[in-house]
Amino acid sequence: MKVLLLNGSPHEKGCTYTALCEVAGALEKNGIETEIFQIGNKPVAGCIGCGSCRKTGRCVFEGGVNEFVEKAKEADGFIFGSPVYYANASGQISSFLDRAFYSNGSYEAFRFKPGAAIAVARRGGTTAALDALNKYFGIAQMPTAGSTYWNMVHGLYAEEAPQDEEGMQTMRNLARNMAWMMRCFAEGKKHGIPYPQTETNACTNFIKRDDQQR
């Protein structure tokens, strides 16, 4: 089993990376393979709603999204990590995940796989960032793993993050909980427990055009 961790910070080895490494280390101690995917420090384009991915299955923009989705298809769980900028998740990770999820159609690379978000801040804004990231799990039928506190770590520089002892503890407990969930899901699959039936017929528009039936 493998967890794919996404570093949504432009700083490759900053506080967000340090927190993700704490999660990855605890996962590996529980027998789970890990990989940290770096978004990097290049500009990340947002989704323009062009619809090209509906025909090709790939985002028209490159910059790592298509590579990430291919890796996601082979992963069994996900951790999305972001620094807090202006009391929210980073612009890079928001644009990146918008395109990753939208270009994946019915979310087959993510559905029924556990996920969790972590937020790293100097001081405030972590809960707002977590709320934004958790919405990706909610729309894609992804069970979310929790911990013993909200998944946040505080620090301005990479060497400060480990000084947040409760934050690091929260990361380790998150990893253990996710490892437990993944093992439970694997056992369920082994014993033939089917995935839930998904209804997709209803799609309600709140504003209707004149040519639509009222």
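Remember, predicted model here, so these are calculated numbers, not experimental data. (Residues numbered from 1 in each chain as written. Predicted model: local features only at pLDDT ≥ 70, side-chain atom pairs only at ≥ 80, totals over all residues. Heavy atoms only, no water.)

**Student:** Before we go on, may I ask you to explain the side chain of T16 in this structure?
**Tutor:** Structurally, the position occupied by T16 is in helix α1 (residues 15-29). Once residues lying within four places of it in the same chain are set aside, the contact partners of T16 are N7, S9, G81, S82, P83 and V120. (Helix = DSSP H or I, 4+ residues; strand = E, 2+ residues; numbered from the N terminus. Contact = heavy atoms within 4.5 Å.)

**Student:** Explanation requested: the packing of aromatic side chains in the structure shown.
**Tutor:** Two measures describe an aromatic ring pair: the distance that separates the ring centres and the angle between the ring planes. The tally for this structure, following the rule as stated, stands at 14 aromatic pairs. Taking 4.1 Å as the distance between ring centres and 10 degrees as the angle between the ring planes, the aromatic pair formed by F101 and F110 counts as stacked. For the pair F101 and F110, a shared accessibility class is recorded, and that class is buried. Put simply, the rings of F37, F68, F78, F80, F96, F101, Y107, F110, Y136 and F137 touch in pairs and so form one group of aromatic residues. Between the NZ or CZ atom of R54 and the centre of the ring of Y102, over which it lies, the distance is 4.1 Å. (Phe/Tyr/Trp six-rings, centres within 6.5 Å; stacked < 30°, edge-to-face > 60°. Buried < 20%, exposed > 50% of the residue type's maximum accessible area, 1.4 Å probe, protein only. Lys NZ or Arg CZ within 6 Å of the ring centre and 35° of its normal.)

**Student:** Just checking my understanding: could you explain helix α5 (residues 126-139) for this structure?
**Tutor:** Three- or four-residue spacings in an α-helix give side chains the same orientation, since the helix completes a turn every 3.6 residues. If you check α5, its first and last C-alpha atoms are 21 Å apart, about what 14 residues at 1.5 Å a residue would give, namely 20 Å. Those residues of α5 not exposed but buried are T126, A129, L130, L133, Y136 and F137. Taken together, the buried residues of α5 touch β3 (77-85), β4 (88-89), α4 (91-103), β5 (115-121) and β6 (152-154). Directly after α5, the chain includes Q141, whose backbone phi takes a positive value near 55 degrees. (Expected span 1.5 Å × (residues − 1).)

**Student:** What exactly am I supposed to notice about the environment of M152 here?
**Tutor:** Looking at the element boundaries, M152 is found in strand β6. Distance from M152 to T126, taken between C-alpha atoms, is 6.4 Å for residues 26 residues apart in sequence. Discounting residues that sit within four places of it in the chain, M152 has contacts with A119, T126, T127, L130, D164, G167 and M171.

**Student:** What is the right way to read the pairing of strand β1 (residues 2-7) from this model?
**Tutor:** For a regular strand, the rule is simple: side chains alternate between the two faces of the sheet. Across the 6 residues that make up β1, a large majority, 5, are buried. When β1 meets strand β2 (residues 33-38), the two strands line up parallel, connected through 6 bridges. Note on β2: the bridge partner recorded for N7 is Q38. Note that the unit made of β1, α1 and β2 has a crossover that is right-handed. (Pairing = 2+ DSSP bridges. Right-handed = clockwise from strand over helix to strand, strands pointing away.)

**Student:** Looking at this model, I keep getting lost on α1. Mind explaining?
**Tutor:** With 15 residues, α1 extends 22 Å between its outermost C-alpha atoms, agreeing within 8% with the 21 Å of an ideal straight helix rising 1.5 Å per residue. Among the residues of α1, those classed as buried are C15, T16, T18, A19, L20, V23, A24, A26 and L27. Residues of α1 that are buried sit in contact with β1, β2, β3, β5, β6 and α6 (165-190). Trailing α1 by a residue or two, G31 shows a phi angle of about 80 degrees, which is positive.

**Student:** Hey, could you run me through the packing of α1 against α6 in this one?
**Tutor:** Angle between the axes and distance between the axes are the two parameters that describe a pair of packed helices. Closest axis-to-axis distance for the α1/α6 pair is 8 Å, and the angle between their directions is 40 degrees. The angle between α1 and α6 places the two elements in the oblique class. Pair α1 / α6 crosses with right-handed handedness. Along the contact surface, α1 presents A19, E22, V23, A26 and L27, while α6 presents M168, M171, R172, A175, M178 and A179. Looking at side-chain class alone, the contact of α1 with α6 contains 9 nonpolar, no polar and 2 charged residues. (Axes fitted to C-alpha atoms, helices over the stretch in contact; angles between N-to-C directions. Parallel < 35°, antiparallel > 145°, perpendicular 65-115°, else oblique. Left-handed = near helix turned anticlockwise from the far one by under 90°. Nonpolar A, V, L, I, M, F, W, Y, C, P; charged D, E, K, R; others polar.)

**Student:** When you look at empty space enclosed by the protein in this model, what are you seeing that I'm missing?
**Tutor:** If you roll a probe as big as a water molecule over the atoms, it shows you where there is empty space left. Under the criterion given, the structure shown has 1 cavity of 30 Å³ or more. Counted as a void, the largest cavity has a volume near 100 Å³. Contributing to the lining of the largest cavity are 15 residues, with C47, C50, C53, C59 and Y102 lying nearest its centre. Within the residue set of the lining of the largest cavity, elements represented by two or more residues are α2 (52-56) and α4. (1 Å grid on protein atoms, 1.4 Å probe; cavity = no way out; pocket = protein on both sides within 12 Å on 5 of 7 lines; lining within 4 Å. Points joined across faces, edges and corners; volume = space filled by probe spheres on them.)

**Student:** Teacher, can you tell me more about the side chain of R99 here?
**Tutor:** If you trace the backbone, R99 turns up in helix α4. Buried charge without a salt bridge: R99, with E62 as the nearest opposite-charge side chain at an N-O distance of 7.0 Å. Side-chain polar atoms of R99 contact the backbone oxygen of E62, separated by 2.9 Å. Look past the residues within four positions of R99 in its chain and what remains in contact with it is V44, A45, G46, C47, C59, F61, E62 and V65. (Lys, Arg positive; Asp, Glu negative; His and termini not counted. Salt bridge = Lys/Arg side-chain N within 4 Å of Asp/Glu carboxyl O. Polar contact = N/O pair within 3.5 Å; in protein donor to acceptor, adjacent residues only side chain to side chain.)

Keep in mind that these numbers describe shape and distance, not what the molecule does.
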